[in-house]
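Structural overview for review
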Amino acid sequence: VLSSFAQGYKDGVEYVKIGQLQKGKTLLDRNLNNAGTDKSASYYYLGRIEMEQGNVATAKDYFQKGVQANSLNAYNHVGLAFIDLKGGNEKVAKDAFKEAVKLDKKNADVYVEVARAYYLTDATKYAKEIDEYIVKAKKANKKDPAAYIFEGDMLTAEKKWGDAAGYYEMAQQFDPNCSEAYVKYANTYFNVSPKSAIERLETLVKLKPNSALAQNQLAEKLYENDQWTNAAQAYGEYIMNPNH
């Protein structure tokens, strides 16, 4: 019965997007062979985890498996181009990124993943390319939250908390169901206003009652805010989720 309420591999993807890589990897691995799992998507995010941890060879293996699972999935092609970029094959990577986005021209998130690859390689050296792909993302779909979240991430890295929260809030306005935007807003704004952060996560749980990420993050913030009774209840609900 519980499995019918699970988000499956999507919980793993959500964890990767907020930077909790180990939880993401655990859930992606656990759900990889389940019915309904998009293996190509799972392999991409498993590869992204390995890239962020510096395990290039393992990442390449995942991206190649992703291409084999679905050659039309642009993300894994972006991942392989990212490896070329990190390896110093700048021209090869640039051309590969262009070919990858052609597979999914209207998907703003694909352009953002290219921008992220440049950012993670060298944010200063590739500032022009990062800006270029953010512009392309918004041109592809100006209401997609991906570009605004990424801009918020860059501001967060510079410890510009208020500005970052503003971009995460914009992302929520464009997509009221975007878990990543809610969680990143709450994480950024918690030290300013715990009440506002917790209320935002409570809203997310109502919108996505089956999301392990939403349940976990609400429980964590209630705990950090010394709301013991509420935290205990939230943790209790979280551990009923198959992806706890």
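Notes on the structure follow. Note that the structure is a prediction, hence the values are computed from the model and not measured.

Within the largest apolar cluster, 44 residues are counted, with the highest numbers of intra-cluster contacts made by Leu 28, Phe 97, Tyr 118 and Tyr 133. If you tally residues by element for this core, the top one is helix 7 (residues 108–122), at eight residues. If we ignore the near neighbours within four places in the chain, the residues touching Leu 28 are Tyr 9, Gly 12, Val 13, Val 16, Ser 42, Tyr 45, Leu 46 and Ile 49. Formed by 21 residues, the second largest nonpolar core is a distinct cluster that contains Leu 27, Ala 197, Ala 212 and Leu 218.

On to the environment of Asn 191. On the secondary structure map, Asn 191 appears in the loop between helix 11 (179–189) and helix 12 (194–207). For Asn 191, a relative accessible area of 71% corresponds to the exposed category. In the structure, Asn 191 is positioned 30 residues away from Trp 161 in sequence and 9.6 Å away in space, judged by C-alpha atoms.

Another aspect to go through is the pattern of salt bridges. This model, assessed by the stated rule, comprises 19 salt bridges. Asp 29 is the partner of Lys 25 in a salt bridge, and the nearest nitrogen-oxygen pair spans 3.5 Å. Here Lys 25 and its partner Asp 29 are both found in helix 2 (residues 21–31), four residues apart, which amounts to about one turn of the helix. Take Asp 29: its relative accessible area is 37%, and that puts it in the partly exposed class. Where Glu 169 meets Arg 200, a salt bridge forms, and the shortest distance between an N and an O atom there is 3.1 Å. Of the two residues, Glu 169 is situated in helix 10 (residues 161–174) and Arg 200 in helix 12; the sequence distance between them amounts to 31 residues. Residue classification places Glu 169 among the partly exposed positions, given a relative accessible area of 29%. On the accessibility criterion, Arg 200 (18% relative accessible area) is buried.

Basis of the calculations
Residues numbered from 1 in each chain as written. Predicted model: local features only at pLDDT ≥ 70, side-chain atom pairs only at ≥ 80, totals over all residues. Heavy atoms only, no water. Core = buried A, V, L, I, M, F, W, Y, C linked by side-chain atoms within 4.5 Å. Buried < 20%, exposed > 50% of the residue type's maximum accessible area, 1.4 Å probe, protein only. Helix = DSSP H or I, 4+ residues; strand = E, 2+ residues; numbered from the N terminus. Contact = heavy atoms within 4.5 Å. Salt bridge = Lys/Arg side-chain N within 4 Å of Asp/Glu carboxyl O.

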